[in-house]
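Chain and residue survey
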Amino acid sequence: MIKKILLVVAGLIVLLLLIGFALPAKLEVSKSVTINASPEAIFEEINDLERWEKWQYWNTLDPEMKIVYGDKKVGTGAMYSWEGPVLDKGTLSIIESVPNKSIAIAMDFGGNPASGLYTVESESNATKLNFKFSADQGMNLIGRWINIFIRGEVEKSFDYAGEKIKAIAEAKPK
């Protein structure tokens, strides 16, 4: 009986691994929100890492998370690291900041790298804020499975951040 149970468990593990090879290695998620504010009002919220605590979804999931900022907190080269009981450890760095246009970030979730891009585009009387998240798991089969489950959370984070940034930017004096 124990041999049969072990064979079934081993078979399930092999099946999950084989399915992992068929899963996509890359995850890309994009969203946009239109905000009735200037590109400058939006950009300054994203370009300053200390302001992220006001609108970042992930902080709500791990209230005990400790954030440590690098020497630089604004613009290219700004970074912070985090450690918490829910989200574990990681780092986030602004790798490129083009004033009032875009901010590219690099993230590391405990050895799992990802990238993000925030762009702001002027539209007639508003500004469009675009979010993009990308991760490539390569041959990491566990990472490929994680991609399936994390997609929904990334989409939620974009929705949450979009609402918060919209409220903050639209409340600023014009």
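A brief structural summary. (Residues numbered from 1 in each chain as written. Predicted model: local features only at pLDDT ≥ 70, side-chain atom pairs only at ≥ 80, totals over all residues. Heavy atoms only, no water.)

Here we come to the environment of Arg151. Position of Arg151 relative to the elements: it lies in helix H4 (residues 141-171). Distance from Arg151 to Asn59, taken between C-alpha atoms, is 17 Å for residues 92 residues apart in sequence. Non-local contacts of Arg151, meaning those with residues more than four positions away in its chain, are made with Leu27, Glu28 and Val29. (Helix = DSSP H or I, 4+ residues; strand = E, 2+ residues; numbered from the N terminus. Contact = heavy atoms within 4.5 Å.)

In this structure, Ile46, Trp52 and Leu129 are the most contacted members of the largest nonpolar core, which totals 34 residues. Among the secondary structure elements, those contributing two or more residues to this core are strand E1 (26-35), helix H2 (39-47), strand E3 (79-84), strand E4 (88-98), strand E5 (102-108), strand E6 (113-123), strand E7 (126-136) and H4. Element by element, the count of residues in this core is highest for H4, at 5 residues. (Core = buried A, V, L, I, M, F, W, Y, C linked by side-chain atoms within 4.5 Å. Buried < 20%, exposed > 50% of the residue type's maximum accessible area, 1.4 Å probe, protein only.)

Per the stated rule, a full pass over the model turns up 11 aromatic pairs. Here the aromatic cluster, defined as three or more aromatic residues joined through ring pairs, consists of Trp52, Trp55, Tyr69, Tyr80, Trp82, Phe109, Tyr118, Phe131 and Phe158. (Phe/Tyr/Trp six-rings, centres within 6.5 Å; stacked < 30°, edge-to-face > 60°.)

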